[in-house]
Amino acid sequence: MDSVQRSTGQAILISDVVAHPLSQMLPKPTVTSWGTYHKVSMVLMEVRTDAGIVGVGEVLARFSPKAYAELIETSLKPRLIGQDARNIGALWQSMRRSLSGRAGGMLIEAIAGVDIALWDIMGKAAGMPIAKLLGGIGREAIEVYAAAVNWVDDAEADRELERYIGEGFPRIKVKMANPVREACRRIERLRKRAGDDIELCVDANWAYDLDQAIEVGRALSANGYFWFEEPLAPENEQGYEELRKRCDVPLAAGESNFTADQAQRLVANRALSILQPDVARAGGISETRRMADYAALHNVGYAPHIGMSGIICETASAHLAAALPNFRVMECECDLSPFKRDLADLEPGCLRQKNGRLDVPARPGLGIEIDWDAVKRLRIQ
Ligand SMILES: [Mg+2]
């Protein structure tokens, strides 16, 4: 019944909203400046309708996924049941009004999951992939980069780099941390090993203060890296502005933002060259699109963040990437975690990519069928 099409104008009423908190051990630990991650969690959203169409979404819930499920059940679900699933903007506003304070945190992440599911329903009802529904550029394939060479010892970092090159990625991200001297050595070493034809960028996950970031930024620019991601904490907007003046490497950030207004200052003054919202955090497809459109107005590129998220986040991002004019390149996480490998019938991007390009799903909605047995297996009881 999922792809039933309704005649224009006929309401599609939401009949049930279910939040599935999921957790898994990573097949290989992720090592960043924050530390080592062995385990990751998320919430899979299921929105059911009286038309028999089921939409799915993903909530970025890196901790306490059961708390997110509780929030959705008690605060969002009552605002959704019985409403027309096609009025996504109105439902978004209604969910946001659960909280009278500034928007952010768990609430916006929870809304993101519902919003993605509503777009999935819209696409299925219209018989169109979300990329087409967004009425954008209509790319059928998008550029991706491999993520990531971890902050591990030289021998292991070399092996990871060579693996991604061997898999055909022409663009690769490298995790960077402290000490700064070690980081600068790593930057030079990997450039030499990769050669000039492979494009490299760096993600520091806020590892540095301003002085350290200037030193690392200059090493990146001397070695031709294409961006320096989250060198500083996201709140340190003045630091980003200063860094922009003091080194030439393009700055990228945005995965820590929840709403478009949080991206406003650094986009408007072009301290950032690239904005990287995560669709499963930043209010879903609706708000992520607002952010990317705002970036486009200021000649700032859009590069979807995926990280340790699952196949729904990756696929929703691919639809946005296909549609938005200022899309540059999408993250493609290469470790095949069950959230990417097992949850749906679509292969993860790192397996589907050829020479750093990925086909955008062409089926209605997100274009994926969820494996509900896998959901049951990964669900926290
Ligand atoms: Mg990052």
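Residues numbered from 1 in each chain as written. Predicted model: local features only at pLDDT ≥ 70, side-chain atom pairs only at ≥ 80, totals over all residues. Heavy atoms only, no water.

**A word on helix α7 (residues 210-222)**
Link 1 in the chain: Here α7 contains 13 residues, and its C-alpha end-to-end distance of 18 Å stays within 8% of the 18 Å for a straight helix at 1.5 Å per residue.
Link 2 in the chain: Inspection of α7 places A213, I214, V216, G217, A219 and L220 among the buried residues, and these make up the whole buried set.
Link 3 in the chain: On its buried side, α7 packs onto α6 (180-194), β6 (199-203), β7 (228-229) and α8 (237-246).
Link 4 in the chain: For α7, the side-chain oxygen to backbone nitrogen distance between the N-cap and D211 is 3.2 Å, and the N-cap itself is D209.
Link 5 in the chain: Within two residues after α7, G224 carries a phi angle of roughly 65°, on the positive side. (Helix = DSSP H or I, 4+ residues; strand = E, 2+ residues; numbered from the N terminus. Expected span 1.5 Å × (residues − 1). Buried < 20%, exposed > 50% of the residue type's maximum accessible area, 1.4 Å probe, protein only. Contact = heavy atoms within 4.5 Å. Polar contact = N/O pair within 3.5 Å; in protein donor to acceptor, adjacent residues only side chain to side chain.)

**What to know about the nonpolar core**
The nonpolar side chains of a soluble globular protein tend to be buried, and buried together.
Link 1 in the chain: L76, Y208, F228 and L343 are the most contacted members of the largest nonpolar core, which totals 129 residues.
Link 2 in the chain: The element contributing the most residues to this core is helix α3 (residues 105-126), with 11 residues.
Link 3 in the chain: Residue contributions to this core reach at least three from each of two domains, namely domain 1 (14-128) and domain 2 (132-371).
Link 4 in the chain: Beyond its immediate sequence surroundings of up to four residues, L76 is in contact with L71, M95, S98, L107, A110, I111 and V114.
Link 5 in the chain: The next biggest cluster of nonpolar side chains, apart from the first, holds 10 residues, and it includes Y145, A252, I274 and V329. (Core = buried A, V, L, I, M, F, W, Y, C linked by side-chain atoms within 4.5 Å. Domains from an automatic or database assignment.)

**Considerations on the domain arrangement of the chain**
Link 1 in the chain: Domain assignment breaks the chain into domain 1 (14-128) and domain 2 (132-371).
Link 2 in the chain: With centres defined by C-alpha atoms, the gap from domain 1 to domain 2 works out at 22 Å.
Link 3 in the chain: Both faces combined, the contact of domain 1 with domain 2 buries some 3,600 Å², and carbon together with sulfur accounts for 68% of it.
Link 4 in the chain: Scanning the region where domain 1 abuts domain 2 turns up 2 salt bridges.
Link 5 in the chain: As a salt-bridge pair, E109 and R281 come within 2.8 Å of each other at their nearest N and O atoms.
Link 6 in the chain: Scanning the region where domain 1 abuts domain 2 turns up 20 residue pairs in polar contact (both at pLDDT 80 or more).
Link 7 in the chain: The biggest single contributor to the side of domain 1 that touches domain 2 is α3, with 12 residues.
Link 8 in the chain: Its residues assigned to classes, the side of domain 1 that touches domain 2 comprises 24 nonpolar, 11 polar and 7 charged. (Buried area = accessible area lost by both parts, 1.4 Å probe. Salt bridge = Lys/Arg side-chain N within 4 Å of Asp/Glu carboxyl O. Nonpolar A, V, L, I, M, F, W, Y, C, P; charged D, E, K, R; others polar.)

**A short note on empty space enclosed by the protein**
Link 1 in the chain: Here the structure, examined in full by the defined rule, presents 1 cavity of 30 Å³ or more.
Link 2 in the chain: As a volume, the largest cavity reaches approximately 90 Å³.
Link 3 in the chain: Surrounding the largest cavity, 13 residues form its lining, P234, A253, N257, L266 and L272 being those nearest its centre.
Link 4 in the chain: Among the elements of the structure, α8 and α9 (260-268) are those that each provide at least two residues to the lining of the largest cavity.
Link 5 in the chain: Ranked by residues supplied to the lining of the largest cavity, first place goes to α9 with 3 residues.
Link 6 in the chain: Partitioning the lining of the largest cavity into residue classes produces 7 nonpolar, 4 polar and 2 charged. (1 Å grid on protein atoms, 1.4 Å probe; cavity = no way out; pocket = protein on both sides within 12 Å on 5 of 7 lines; lining within 4 Å. Points joined across faces, edges and corners; volume = space filled by probe spheres on them.)

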